[in-house]
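Given next are the chains, with one letter for each unit.
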Amino acid sequence: MENSFAGAYASTSAISDQRQKIEQYKQILAAVLSSNDVARAKQFMDHVLSEDVPLVVSRQLLQVFAQDLGSLEPEFQKEIAHYTLSQIQHHMISFEEQVLIIREKLAELYESEQEWSKAAQILSGIDLDSGIRVIDDKFKLSKCVQIARLYLEDDDALNAEAFINKASFLVSSSHHEVLNLQYKVCYARILDLKRKEIDEEALEQALIAAVTCTILAAAGPQRSRVLATLYKDERCSKLKIYPILQKVYLDRILRKPEIDAFSEELKPHQKALLPDNFTVLDRAMIEHNLLSASKLYTNISFEELGTLLGIAPQKAEKVASRMICEDRMRGSIDQVEAVIHFEDDTEELQQWDQQIFGLCQALNEILDGMAKKAMNLQELLVEVEAAKPSEKARKAILHGRALPYLISSS
């Protein structure tokens, strides 16, 4: 029998008429597949992919084979399909369409047997970024979502996430509601499997981290804005570190016991030593207390400031000068007198308020004047209509040129 098939291959390949050759090969393929003989099927594939068979003929035969693959016995189908894929590997560019069909048929078989990961692996071998075939975004999205869904059936969030990430670049331009919904479902399942859902405990930890980082940030306008946002958030009022958040937001000077209590909540990297021999916490607290002092004092000597901040006067001067230069604090330094003068913007705000008040008052006066003029005009119109003047006199009165007519009428 083997010799008869070998002879059939030789005689068929010798046929010069291409149409007749293809028909003859199709008959041989049907006989091979109906025999359920793996060895014969492999021999046929080796021959079809060899140089003895023209590429045009090989493509048509593999197309027929791929389409008939689903009708074969499961084990026979798996073995011959895997063998064909491995043999085509070196000719992938020439048989992309046929490989796609084979992989889809094989994946359907694995899926029917609930071999989810194997089905996903088979589909993941499809080249969705091929430069030979034109593949639309909808097909790419559907395959990425399908592969992710199959991996998720085996709770494999890692591999599923890789394909959902690919799909994320395509879903934004997709108008296919079913696909978009399947994408969202897969994404939600991945988050669930990776336990990324935000529960109350995780939210509390996030708020604590946000408050801590803001308190440790460089004192200045930007920090003050973030502090205001956190302080007004009702959820922060339930946090353990809320008392220090409140004092920092209200620009109150923090004492050593309060700073030590806050320090116990910090992580090691938040207590790291900086090049100026201050820790991150030390620098943040010194700058905060200095900014708070600027709201309480008009001026203060270096020595008194150093005592207030718990550092040497020279270091206090250095910190103050840096904050003034960086526009994080308003003031000036008198090095001769060793005094820092703080500038308060209260007076400027009051002037601004007065200017707004004056503008609003002037606007009210204008509106009142317009209302009075409108009333006077209405009264004038009534009197004019009652006097029944000529049309020329009436127009003159309305345009403010009524004096000659009033004199003549008198």
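Residues numbered from 1 in each chain as written. Predicted model: local features only at pLDDT ≥ 70, side-chain atom pairs only at ≥ 80, totals over all residues. Heavy atoms only, no water.

**Student:** Any chance you could break down the pairing of strand 2 (residues 331–334) for me, citing the residues and the numbers?
**Tutor:** In the sheet, strand 2 pairs with strand 3 (residues 339–342) via four bridges, with the strands oriented antiparallel. What sits directly across from Gly-331, in strand 3, is Phe-342. With antiparallel pairing between neighbouring strands as the criterion, strand 2 and strand 3 make up a hairpin whose turn holds four residues, including Ala-338 at a positive phi of roughly 60 degrees. (Pairing = 2+ DSSP bridges. Helix = DSSP H or I, 4+ residues; strand = E, 2+ residues; numbered from the N terminus.)

**Student:** Can you tell me about the packing of helix 7 (residues 116–124) against helix 8 (residues 137–153), naming the residues and giving the values?
**Tutor:** Interaxial distance between helix 7 and helix 8 falls to 7 Å at its minimum, and their mutual angle equals 155 degrees. Considering the angle they form, helix 7 stands roughly antiparallel to helix 8. Note that helix 7 runs across helix 8; the crossing there is left-handed. Mapping the contact onto sequence places Trp-116, Ser-117, Ala-119, Ala-120, Gln-121, Leu-123 and Ser-124 in helix 7 and Gln-146, Ile-147, Leu-150, Tyr-151 and Glu-153 in helix 8. Counted by class, the contact of helix 7 with helix 8 contains seven nonpolar, four polar and one charged residues. (Axes fitted to C-alpha atoms, helices over the stretch in contact; angles between N-to-C directions. Parallel < 35°, antiparallel > 145°, perpendicular 65-115°, else oblique. Left-handed = near helix turned anticlockwise from the far one by under 90°. Contact = heavy atoms within 4.5 Å. Nonpolar A, V, L, I, M, F, W, Y, C, P; charged D, E, K, R; others polar.)

**Student:** Pulling in residues and values, what's your account of the nonpolar core?
**Tutor:** Formed by 62 residues in total, the largest nonpolar core has its most connected members in Phe-44, Phe-65, Ile-80 and Ile-102. Every residue in contact with Phe-44, bar those within four places of it in the chain, is listed here: Tyr-9, Tyr-25, Ile-28, Leu-29, Val-32 and Leu-61. Core analysis: the second largest hydrophobic core is formed by 20 residues, Leu-230, Cys-236, Ile-244 and Leu-245 among them. (Core = buried A, V, L, I, M, F, W, Y, C linked by side-chain atoms within 4.5 Å. Buried < 20%, exposed > 50% of the residue type's maximum accessible area, 1.4 Å probe, protein only.)

**Student:** Lay out the confidence of the model for the protein with the relevant residues and their values.
**Tutor:** Confidence along the protein averages 81 in pLDDT terms, with 86% of residues attaining 70 or more. At the low end of the mean pLDDT range in the protein sits helix 20 (residues 403–409), at 45; at the high end sits helix 7, at 92. A low-confidence stretch, residues 401–410 (pLDDT under 50), is modelled with six contacts involving residues beyond four sequence positions or located in other chains. (pLDDT = per-residue confidence, 0-100.)

**Student:** Describe the packing of aromatic side chains, naming the residues involved and giving the relevant values.
**Tutor:** Note on aromatic pairs: each is described by the distance of the centres and the angle between the planes. Summed over all chains, the structure comprises four aromatic pairs. Centre to centre, the rings of Tyr-151 and Phe-163 are 6.3 Å apart; their planes meet at 25 degrees, and the pair counts as stacked. Of this pair, Tyr-151 sits in helix 8 while Phe-163 sits in helix 9 (residues 157–171), and the two are 12 residues apart along the sequence. Comparing Tyr-151 with Phe-163 shows no difference in burial state: the two are buried. Seen from their ring centres, Tyr-231 and Tyr-242 are 6.0 Å apart, and the 5 degrees between their planes marks the pair as stacked. Placement of Tyr-231 in helix 12 (residues 221–231) and of Tyr-242 in helix 13 (residues 242–249) is noted, with a sequence separation of 11 residues between them. Here Tyr-231 falls in the partly exposed class, since its relative accessible area comes to 21%. The exposure class assigned to Tyr-242 is buried, which follows from its relative accessible area of 18%. Each residue in the set Tyr-231, Tyr-242 and Tyr-249 is aromatic and connected to the rest through ring pairs, giving one cluster. (Phe/Tyr/Trp six-rings, centres within 6.5 Å; stacked < 30°, edge-to-face > 60°.)

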